[in-house]
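# Architecture at a glance
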Amino acid sequence: MRAEKIPVTVISGFLGAGKTTLVNHLLGQNEAFRIGVVVNEFGEVGIDGQLIVSEQEALIEINNGCVCCTVRADLVASVKEMLDLAGHRLDRLVVETSGLADPAPVLQTFLADPDLRSQVDLESVITVIDALHLQQQLSDEIVREQIAFADTLIVNKIDLVSEEVLRAIQNEVRMVNRTATVVRSVNSEAPIDALLGTKRFSLPNLLMIEPDILEEEDHDHEHDTSISSCSVVTSGALDADRFHRWVNQLVNDQGQRLMRMKGLLNFASEARRFHFHSVHMLLEAMPGPRWEADEPRDNRFVFIGRDLDREQLRQGFLDCLHAA
Ligand SMILES: Nc1nc2c(ncn2[C@@H]2O[C@H](COP(=O)(O)OP(=O)(O)OP(=O)(O)O)[C@@H](O)[C@H]2O)c(=O)[nH]1
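Residues numbered from 1 in each chain as written. Predicted model: local features only at pLDDT ≥ 70, side-chain atom pairs only at ≥ 80, totals over all residues. Heavy atoms only, no water.

### Here we look at the pairing of strand β4 (residues 92-96)
What counts here: With a 1.4 Å probe rolled over the protein chains alone, any residue whose accessible area is under 20% of its type maximum counts as buried; one over 50% counts as exposed, and the rest are partly exposed. Think of it this way: any DSSP run of H or I at least four residues long counts as a helix, any run of E at least two long counts as a strand, and we number them from the N terminus. Any two strands are treated as partners once DSSP identifies two or more bridges connecting them.
With 5 of its 5 residues buried, β4 lies for the most part within the structure. Alternating residues of β4 divide into Arg92, Val94 and Glu96 and Leu93 and Val95, and every residue in both groups is buried. Direction of pairing for strand β1 (residues 6-13) relative to β4: parallel, over a ladder of 4 bridges. Bridge pairing in β4 places Val10 opposite Val95.

### Side note on the nonpolar core
Note the cut-off: Nonpolar cores were defined as sets of buried Ala, Val, Leu, Ile, Met, Phe, Trp, Tyr and Cys residues, with membership established by side-chain atoms within 4.5 Å. Residue ranges assigned to each domain were obtained from an automatic or database domain assignment. Throughout, a residue-residue contact means that at least one pair of heavy atoms, one from each residue, lies within 4.5 Å.
Counting 59 residues, the largest nonpolar core has Leu75, Val79 and Phe110 as the members making the most contacts within it. When residues of this core are assigned to domains, at least three map to each of domain 1 (6-209) and domain 2 (228-318). Leaving out residues up to four positions away in the same chain, Phe110 has contacts with Val8, Val10, Leu75, Val79, Val95, Leu116, Arg117, Val120 and Leu122. Counting residues in each nonpolar core, the second largest holds 21 residues, with Leu250, Val251, Phe267 and Phe303 among its members.

### A short note on helix α10 (residues 240-254)
Defined as follows: Expected span of a helix, by definition, is 1.5 Å for each gap between consecutive residues, and there is one gap fewer than residues. The arc in question is the one spanned by the directions pointing from the helix axis to the C-beta atoms. Pairing of N or O atoms within 3.5 Å defines a polar contact, subject to two protein rules: one partner must be a possible hydrogen donor and the other a possible acceptor, and residues neighboring in sequence count only if both atoms are side-chain atoms.
Here α10 contains 15 residues, and its C-alpha end-to-end distance of 21 Å stays within 8% of the 21 Å for a straight helix at 1.5 Å per residue. Among the residues of α10, Phe243, Trp246, Val247, Leu250, Val251 and Gln254 are the ones counted as buried. The buried residues of α10 occupy an angular sector of 125° when projected down its axis, which confines them to one face. Looking at α10, the residues exposed on the side facing more than 90 degrees away from the buried face are Asp241, Arg245, Asn252 and Asp253. Buried residues in α10 make contact with β9 (258-265), β10 (272-279), β11 (282-290), β12 (299-306) and α11 (310-318). The opening residue of α10 is Asp239, an N-cap whose side-chain oxygen sits 3.0 Å from the backbone nitrogen of Asp241.

### Concerning the site of the ligand
Put simply, the test is: One heavy atom within 4 Å of a molecule or strand makes the whole residue count as near it. Values of accessible area rely on a 1.4 Å probe in the Shrake-Rupley scheme; residue burial ignores everything except the protein chains shown. For this classification, Asp, Glu, Lys and Arg are treated as charged, while Ala, Val, Leu, Ile, Met, Phe, Trp, Tyr, Cys and Pro are nonpolar and the rest, including Gly, are polar.
By nearness alone, 21 residues border the ligand, and Lys19, Thr21, Asn187, Lys262 and Glu284 come closest of all. Here an oxygen atom of the ligand sits 2.5 Å away from a polar atom, N or O, in the side chain of Thr21. Taken by itself the ligand offers 660 Å² of open surface, and the protein chains cover 92% of this. Its residues placed into classes, the shell around the ligand shows 5 nonpolar, 8 polar and 8 charged.

### Things to note about the pattern of salt bridges
The cut-off we apply is this: By definition, a salt bridge exists where a carboxyl oxygen of Asp or Glu is found within 4 Å of a side-chain nitrogen of Lys or Arg.
For the structure on display, the rule yields 12 salt bridges. Salt-bridge contacts for Arg92 lead to Glu123; the nearest nitrogen and oxygen are separated by 3.0 Å. Of this pair, Arg92 sits in strand β4 while Glu123 sits in strand β5 (residues 120-130), placing them 31 residues apart in sequence. The exposure class assigned to Arg92 is buried, which follows from its relative accessible area of 2%.

### Points about the UniProt feature "domain: CobW C-terminal" (unreviewed entry) in the chain
Our working rule: UniProt positions are given in the numbering used here, feature names are shortened, and annotations may be inferred rather than shown by experiment.
If you check UniProt for "domain: CobW C-terminal" (unreviewed entry), the listed places come out as residues 227-321 in our numbering. Structurally, residues 227-321 is divided into 25% helix and 43% strand, and its ends, taken at the C-alpha atoms, are 27 Å apart.

### Details of the packing of aromatic side chains
Operational definition: Side-chain rings of Phe, Tyr and Trp, where Trp is taken by its six-membered ring, are said to pair if the distance between their centres is within 6.5 Å; with planes under 30 degrees apart they count as stacked, over 60 as edge-to-face, and otherwise as tilted. Two conditions define a charge sitting above a ring: the NZ of Lys or the CZ of Arg must be within 6 Å of the ring centre, and it must be within 35 degrees of the ring normal.
Throughout the structure, instances matching the rule amount to 12 aromatic pairs. Measuring from centroid to centroid gives 6.3 Å for Trp246 and Phe303, while their planes differ by 85°, and the two rings are edge-to-face. Separated by 57 residues along the polypeptide, Trp246 in helix α10 and Phe303 in strand β12 bring together distant segments of the chain. The class for Trp246 is buried, based on a relative accessible area of 16%. According to the relative accessible area criterion, Phe303 is buried, its value standing at 0%. The ring centre of Trp291 lies 4.5 Å from the NZ or CZ of Arg273, which sits over that ring.

Here it is in structure tokens:
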């Protein structure tokens, strides 16, 4: 076992706020540290692992559930696996929790598991806020918890809102968390010094918010069970026009309850894969790396939202494939 404890940064924030964008910013900007990443996604099909630009052996994905509840044991196992990586000296660890995760049980895991406690030191909790959607999300208990437990709050996507909205957000956020450092960003590009290298997490502060966090066997929280996910993994090439027509119509019709879509897509006649995102009505498709010659050109697509009609969504996606 190494002599010094490894600092851990926990990244929280609701669906689509910009957590993975932040992880890439940290990995891209930072030269001082070798960073291991554990990323948790709610969807049963992993997408984020392919979006994160890191050395493969320093990245572990946990899919199909939240590290705060259903896959909590996987979090412990993944962090231990990361710490044990033979000959792979990591300077620090970043844990990206799923957009639906309550941070409290995640923090409890780091503070209560004897093995983890002896090897890692919780440096800070960073919560990314989606400035465009925060006001509609604030009634959600999980969103408030994510803000409450933060040591640093990144108000992200400030390119999409006015100064007036930002001031309102600042006030609302302060009502939930009086002490966190608040920074604003576009594409989660907050200054590195504000993110890594300073111990901001304080157990006494945490105990003021959650006095029994160290005692509880299972932290008492519930997910909104009306939120679920479904996914499609399929080979075949997508017709770009058909896909764009379908997806635009879909967010137009269901953008309120269809909270998040993400995908890795194989468009016909494209040498590169495409990364696709939607957060409510906002859509983005960007070219990613070229497909390798021997790589299966699979499409992976995840839907997350309330009361999803899984079959209709899956079929809608499959209908965008070119006929064989
Ligand atoms: N306009 C705008 N878009 C942004 C900004 N930051 C991130 N995005 C976009 O928001 C979408 C979601 O970003 P991610 O980083 O994947 O969000 P996330 O929090 O990791 O999402 P989940 O893990 O699915 O909860 C992507 O399309 C990003 O390109 C920003 O500052 N401005």
